[in-house]
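Residue-level listing of the chains:
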Amino acid sequence: MNIVSALILTILIEFVIYAIFIRKDYLLLLGYSLLINSITNPTMNIALSFSLNLIILEFIVFLVEIFLIKHLMKTKYQFAVLLSFVANLISLLIGLIFA
Amino acid sequence: MNKSMFILGIFLLIALPLVYADVPSVPDPTHKTISVVNNITNLNDFPDYVFVSVSNGPAGGSSMCEVIPIGQDQIIEIAAYRWCGSADVYAIKKSDYNQNLTGSQIINSSMAIKVLSGITNSEFLPVTDTRSTIYNEYKINLSNSTDIPHKQVVETDYSFYLYLIIPIFAIIVVIVILVKRRQ
């Protein structure tokens with residue numbers, strides 16, 4: 001799996017999570033998933049290739065996505081934390097099972 | 001959210017990357033495999049010898065890892081089975097050589113002279129590495145074995161840096177959206 005296919009897979013997985021939680025404006029949610037993951041996913045994979053710590057990077061991605069979800073989707077802080085947490089956990093799980 | 005579920009989730013978020021890091025067969029977007037082409041440039045200086053590549057990995061010497069003679073193209077072929085690992089090159093006098101020799105017979109034979117060692121046909125590199133193909137040229141002599149090519153040509157591929165454009169462009173779009181909303 002190269003960086004682009006990993007990115008596409010993550011965008012789709014996180015879009016589904018956003019859609020399940022928010023249940024409206026699906027096209028907009030797809031756009032937000034595209035934007036959010038286009039920032040975090042390639043950056044994380046590039047950082048990983050420099051042998052940086054995966055756990056720390058995952059945590060940074062989790063924090064960055066909280067900020068992006070809160071401001072792009074105009075949600076409450078607690079909801080952004082929950083959404084970022086679930087989206088990253090599920091994408092990690094699915095990546096592990098199907099990669 | 002139920003507190004115990006949250007703690008379980010945190011545990012999974014921390015534990016899963018550790019599991020991921022221990023699974024070597026998972027396709028890894030952070031690394032790539034590149035080709036290494038090895039050839040011997042002075043094979044014709046030894047017309048009385050046959051040169052063969054013999055695997056030296058965990059399965060090296062066994063029937064799973066074939067002994068591959070080096071032909072007129074002077075390119076060193078390596079057995080494909082993954083446990084064959086890298087290869088060593090041996091010179092055997094044509095009068096002593098027969099095609100049925102196994103890897104372990106050659107390794108243990110006093111008639112075979114090791115001339116090259118640790119030859120690989122691929123390398124596993126970070127995606128940030130710009131090398132795309134490595135061409136190694138070896139000059140051999142029968143009196144000592146080497147693992148250092150006398151010449152190395154490296155093909156490079158800078159397309160990786162295109163990936164940097166994706167997050168930069170996305171950050172710009174997010175900034176534009178947030179600024180426009182504030183206006």
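You'll find the structure just up there.
Figured I'd write up the structure that's included with this text. (Residues numbered from 1 in each chain as written. Chains lettered and ligands numbered in written order. Predicted model: local features only at pLDDT ≥ 70, side-chain atom pairs only at ≥ 80, totals over all residues.)

1. Quick look at the overall build of chain A
Our working rule: In this description a helix means any DSSP run of H or I spanning at least four residues, a strand means any run of E spanning at least two, and both kinds are numbered starting from the N terminus. Remark: C-beta atoms are placed from the backbone, and a residue is labelled buried if 20 or more other C-beta atoms sit within 10 Å of its own, exposed if 12 or fewer do, or partly exposed between those counts. We call two residues in contact when their backbone-placed C-beta atoms lie within 7 Å.
Assigned secondary structure in chain A consists of four helices and zero strands. Counted from the first residue to the last, chain A has its helices and strands arranged as α-α-α-α. Going through the 99 residues of chain A one by one, you find that 39% of them count as buried. When contacts within chain A are restricted to residue pairs at least 6 apart in sequence, long-range pairs at least 24 apart make up 51% of them.

2. Comments concerning the overall build of chain B
Scanning chain B from N- to C-terminus turns up three helices and eight strands. When the elements of chain B are put in sequence order from the N terminus, they spell out α-β-β-β-β-α-β-β-β-β-α. Looking at chain B as a whole, 22% of its 183 residues are labelled buried. If you take every contact in chain B between residues at least 6 apart in sequence, the share linking residues at least 24 apart comes to 72%.

3. A few points about the packing of helix α2 (residues 26-49) of chain A against helix α3 (residues 54-72) of chain A
When two helices pack together, their arrangement is given by the angle between the helix axes and the distance between those axes. Residue and element names in this part refer to chain A. Filter applied, for reference: Fitting a line to C-alpha atoms yields each axis, with helices limited to the stretch in contact; the angle taken between N-to-C directions then spans 0 to 180 degrees. Any angle that is under 35 degrees is reported as roughly parallel, and any over 145 degrees as roughly antiparallel; angles of 65 to 115 degrees are reported as roughly perpendicular and all others as oblique. Rotating anticlockwise by less than a right angle from the far helix to the near helix defines a left-handed crossing, while the corresponding clockwise rotation defines a right-handed one. As a working rule, the residues Ala, Val, Leu, Ile, Met, Phe, Trp, Tyr, Cys and Pro are called nonpolar, Asp, Glu, Lys and Arg charged, and the rest polar, with Gly in that last group.
Running from N to C, α2 and α3 point in directions that differ by 160 degrees, and their axes come no closer than 10 Å. On the basis of their axis angle, the class for α2 and α3 is roughly antiparallel. In the crossing of α2 with α3, the sense of the turn from one axis to the other is right-handed. Within the contact between the two elements, α2 uses Y32, L35, I36, T40, M44, A47 and L48 and α3 uses L54, L57, V61, V64, E65, L68, I69 and L72. In terms of residue class, the contact of α2 with α3 is built from 13 nonpolar, one polar and one charged.

4. Concerning α2 of chain A
Residues and elements named next belong to chain A. Which entries qualify depends on this criterion: To estimate how far a helix should extend, the number of its residues minus one is multiplied by 1.5 Å. A residue's bend is simply the angle between two axes: one fitted to the seven residues ending at it, one to the seven starting at it.
For α2, built from 24 residues, the straight-helix expectation of 34 Å at 1.5 Å per residue is met to within 8% by its first-to-last C-alpha distance of 33 Å. The axis of α2 is deflected most strongly, by about 35 degrees, at N37. Of the residues flanking the end of α2, it is S51, one or two places downstream, whose phi is positive at about 65 degrees.

5. Some thoughts on the pairing of strand β7 (residues 131-138) of chain B
All names here are of chain B. Rules: Two strands make a pair as long as DSSP finds a minimum of two bridges between them.
Across six bridges, strand β1 (residues 31-40) lies against β7 in parallel orientation. Opposite N38, over in β7, you have N136 as the bridge partner. In this structure, β7 lies alongside strand β8 (residues 151-156), joined through six bridges in antiparallel fashion. Bridge pairing in β8 links R131 to T156.

6. Re the sheet that holds strand β6 (residues 122-126) of chain B
Residues and elements named next belong to chain B. With respect to topology, four strands assemble into an open sheet ordered β6-β1-β7-β8, the strand pairing being mixed. Edge positions in the sheet fall to β6 and β8, since each of these pairs with one other strand and no more. In this sheet, adjacent strand axes meet at a mean angle of 25 degrees when their direction is disregarded. Note: β1 against β6, five bridges, orientation antiparallel. Pairing of I34 across the sheet is with E123, part of β6.

7. A word on the sheet that holds strand β2 (residues 49-55) of chain B
Through backbone hydrogen bonds, the strands of a sheet pair up, either in parallel or in antiparallel fashion. Residues and elements named next belong to chain B. Within the open sheet, the four strands sit side by side as β3-β2-β4-β5. Their pairing is antiparallel. Each of the sheet's edge strands pairs with one partner strand only, and the pair in question is β3 (68-69) and β5 (112-119). One ladder, built from seven bridges, connects β2 with strand β4 (residues 87-93); its direction is antiparallel. Looking at β4, one finds that Y49 is bridged to K93.

8. Points about the environment of Y97 of chain B
Residues and elements named next belong to chain B. Positionally, Y97 belongs in the loop between β4 and α2 (103-107). The class for Y97 is partly exposed, based on 19 C-beta atoms found within 10 Å. Setting aside anything within four residues of it in sequence, one finds Y97 in contact with V50 and I92.

9. Looking at the nonpolar core
Residues and elements named next belong to chain B. As a reminder, the rule being used: A set of buried residues qualifies as a nonpolar core if it consists of Ala, Val, Leu, Ile, Met, Phe, Trp, Tyr and Cys joined through C-beta atoms within 7 Å.
Formed by 23 residues in total, the largest nonpolar core has its most connected members in F51, V52, V89 and Y90. Of all the secondary structure elements, the ones that give two or more residues to this core are β2, β4 and β5. Top element by residues in this core is β4. It accounts for five residues.

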